[in-house]
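Residues per chain are reported as follows:
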Amino acid sequence: TAAHFGNHFGREGAKTSKPEMCKRIGAVALVDDSLTYARQCAAAGIPTLLFGAYPWNATDEALDLSIRRVARWQDVLAELLVKGL
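Treat the numbers as computed from the prediction; the structure is a model and nothing was measured.

A few points about the pattern of salt bridges
Applying the stated criterion across every chain, the model contains four salt bridges. Here E79 makes a salt bridge to R68, at a shortest N to O gap of 3.0 Å. On the criterion of sequence distance, the pair formed by E79 in helix α3 (residues 73-82) and R68 in strand β3 (residues 67-70) is long-range, its members being eleven residues apart. Residue classification places E79 among the buried residues on the basis of a relative accessible area of 15%. R72 is paired through a salt bridge with D75; the nearest N and O atoms lie 3.1 Å apart. On the basis of relative accessibility, which here comes to 46%, the residue R72 falls in the partly exposed class.

What to know about the state of the cysteines
Under the criterion given, the structure shown has zero disulfides. The thiol of C22 is unpaired, and the distance to the nearest cysteine sulfur, on C41, comes to 4.3 Å. Judged by relative accessible area, C41 falls into the buried class, the value being 0%.

Brief notes about the confidence of the model for the protein chain
Looking at the protein chain, the pLDDT average stands at 89 and 89% of residues meet or exceed 70. The least confident element of the protein chain, judged by mean pLDDT, is helix α1 (residues 18-25) at 92; the most confident is strand β2 (residues 48-51) at 96.

Side note on the packing of aromatic side chains
Inspection of every chain in the model, using the stated rule, returns two aromatic pairs. When the centroid spacing of 4.6 Å and the interplanar angle of 10 degrees are considered together, the rings of Y54 and W56 count as stacked. Among the residues examined, Y54 registers a relative accessible area of 29% and is labelled partly exposed. With relative accessibility at 53%, the residue W56 sits in the exposed group.

Cut-off values and rules
Residues numbered from 1 in each chain as written. Predicted model: local features only at pLDDT ≥ 70, side-chain atom pairs only at ≥ 80, totals over all residues. Heavy atoms only, no water. Salt bridge = Lys/Arg side-chain N within 4 Å of Asp/Glu carboxyl O. Helix = DSSP H or I, 4+ residues; strand = E, 2+ residues; numbered from the N terminus. Buried < 20%, exposed > 50% of the residue type's maximum accessible area, 1.4 Å probe, protein only. Disulfide = S-S within 2.5 Å. pLDDT = per-residue confidence, 0-100. Phe/Tyr/Trp six-rings, centres within 6.5 Å; stacked < 30°, edge-to-face > 60°.

This is the structure in structure tokens:
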């Protein structure tokens, strides 16, 4: 495993979207606390675990079926195992 940098907040340099990055590295799922990134990846067909219940990822709208909200890292592991990922 490795860290991957998308430069999402950088003022200079190339930026890589989360869906592009996930596809490029062959990710089987995304774990993120950003509702925006979760929606982008779900729209690209990438299973997504939306981590935590934070003010910045709260929504009154129903989540896409490929987005599952998880509260703890144990839940992330359980979801990945259930999905066979």
